[in-house]
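The residues making up each chain are set out below.
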Amino acid sequence: MALTGLGLAALIFGFENLGRDVLPPLLVAGLFALGLGLLWAYARHARGNPHAILDTSLFRVGTFRASVVGGGFMRMAMGANPFLLALLFQVALGMNALQAGLLTFVSAAGALVMKTAAPPILRRFGFRRVLVVNTFIVGLSFMACAAFGPATPHLVIVGVLLVGGFFRSLQFTSLNGMAYADIDPERMSRASTLSSMAQQLVQSIGIGLAATLLHVSMQARGLTTLTVEVVAPIFLVIGAVTFVSLAFYLRLPRDAGDEMNGRSAGG
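Notes on the structure follow. (Residues numbered from 1 in each chain as written. Predicted model: local features only at pLDDT ≥ 70, side-chain atom pairs only at ≥ 80, totals over all residues. Heavy atoms only, no water.)

What to know about the pattern of salt bridges
Pairs may arise between side chains of opposite charge once their charged atoms sit close together. Going by this rule: Salt-bridge detection follows one rule: a side-chain nitrogen of Lys or Arg within 4 Å of a carboxyl oxygen of Asp or Glu. Helix numbers and strand numbers start at the N terminus; a helix is a DSSP run of H or I with at least 4 residues, a strand a run of E with at least 2. Only protein chains enter the accessibility calculation, which uses a 1.4 Å probe; a residue is then buried when its area is under 20% of its type maximum, exposed when over 50%, and partly exposed in between.
Inspection of the entire model under this criterion finds two salt bridges. In this structure, Asp-55 and Arg-187 form a salt bridge, with 3.4 Å as the shortest nitrogen-oxygen distance. Here the residue Asp-55 occupies a position in the loop between α2 (25-46) and α3 (62-92), and Arg-187 occupies one in the loop between α6 (154-178) and α7 (188-221), the gap between them amounting to 132 residues. For Asp-55, a relative accessible area of 11% corresponds to the buried category. Residue Asp-55 pairs with Arg-190 through a salt bridge whose shortest N-O separation is 4.0 Å. A residue pair is termed long-range when its members are at least 10 positions apart, and Asp-55 in the loop between α2 and α3 and Arg-190 in helix α7 qualify at 135 residues. The structure contains a network of salt bridges with shared partners spanning Asp-55, Arg-187 and Arg-190.

What follows is the structure, given as structure tokens:
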């Protein structure tokens, strides 16, 4: 508990302060070194230990690995997206907090609609096909935000965010469902703990990545304030990050997780 708690806390705090100029760079580097050192010590402690608090042997299960590690790249982009949208709408485009909030709420509306549509989609196409195809849609929905500017009609912004929220919810539902498809009942609790921890970590990494990219973009342009030209290209990068998950999804068998959604074999 001490090794994982302190190690993850150091890593998350380090990622949260990337590119923000709040802490000295040397201190941020020290946090990363401390976090990685403690997690390395934990890995040695957990090897062969049946009572380890985080069961890393779960990553040997293909569906769990694809969900947690592969899905982590989408969750990383998802963690960065609200941070970037708030900066784009309020700082770069000059909207007030209410206007920005109403626009970003549209993504949540799309996610709510998807909750009823996800089960039949998964039964019809299966986890593997949905995850592969939907990765392209989700990645492109992130990238589309790079086109937002002062002249972009609000209706277009609403449409992009609605579609993005809809398909991101489908991706979350698919990943969360498939994660436990091949996990033994006696290890289900450990799998849930490890998955939750990983989700929190990668979302922090996403915010740190976005902040760092913004800092680099501003320095490259010689600017001291955020503009559309600084923020918009970052959406292209985080959209591209989601495509890394394809390396995990494409390795899954065609019938991966079918027993979870009631889909018949070969369907």
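What to know about the packing of aromatic side chains
How we decide: Only the six-membered ring of Trp is used, alongside the rings of Phe and Tyr, when aromatic pairs are assigned; centres must lie within 6.5 Å, and planes under 30 degrees apart are stacked while those over 60 apart are edge-to-face, with the rest tilted.
Under the defined criterion, the tally for this structure stands at five aromatic pairs. Arranged with centres 6.3 Å apart and planes meeting at 20°, the rings of Phe-89 and Phe-148 form a pair that is stacked. Taken together, the positions of Phe-89 in helix α3 and Phe-148 in the loop between α5 (127-144) and α6 put the pair 59 residues apart, joining distant regions of the chain. Phe-148 shares its class with Phe-89; the two are buried.

A short note on helix α8 (residues 228-242)
We count it as follows: Expected span, for any helix, means 1.5 Å times one less than how many residues it has. Every residue pair with non-hydrogen atoms within 4.5 Å of one another is taken to be in contact.
With 15 residues, α8 extends 22 Å from end C-alpha to end C-alpha; this agrees with the ideal 21 Å at 1.5 Å per step. Along α8, the residues that are buried comprise Val-228, Val-230, Val-231, Ala-232, Ile-234, Phe-235, Ile-238, Gly-239, Val-241 and Thr-242. For α8, the secondary structure elements touched by its buried residues are α3, α5, α7 and α9 (246-249).

Comments concerning α2
Short version of the rule: The arc refers to the directions leading from the helix axis to the C-beta atoms.
With 22 residues, α2 should reach 32 Å at 1.5 Å per residue; the first-to-last C-alpha distance of 31 Å fits that figure. The set of residues buried in α2 consists of Val-28, Leu-31, Phe-32, Gly-35, Leu-38, Tyr-42 and Ala-46. Within α2, the buried residues cover an arc of 140° as seen down the axis, which keeps them to one side. The outward face of α2, more than 90 degrees from its buried face, is lined by the exposed residues Pro-25, Leu-26, Ala-33, Leu-36, Trp-40 and Arg-44. Of the surrounding elements, those touching the buried residues of α2 are α1 (2-16).

A few points about the side chain of Ser-107
By the element assignment, Ser-107 lies in helix α4 (residues 97-125). A relative accessible area of 12% places Ser-107 in the buried class. Not counting residues within four places of it along the chain, the set of residues in contact with Ser-107 comprises Leu-161, Gly-165 and Arg-168.

Some points on the side chain of Asp-55
Spelled out, the test is: Two N or O atoms count as a polar contact when they lie within 3.5 Å, although within protein this holds only if one can serve as hydrogen donor and the other as acceptor, and sequence-adjacent residues are included solely when both atoms are side-chain atoms.
Within the structure, Asp-55 has its side chain in polar contact with the side chain of Ser-57 (distance 2.4 Å). Of note is the side chain of Asp-55, whose polar atom sits 3.4 Å from the side chain of Arg-187. Among residues more than four places away in sequence, those in contact with Asp-55 are Arg-187, Arg-190 and Leu-194.

These figures capture arrangement, not role.
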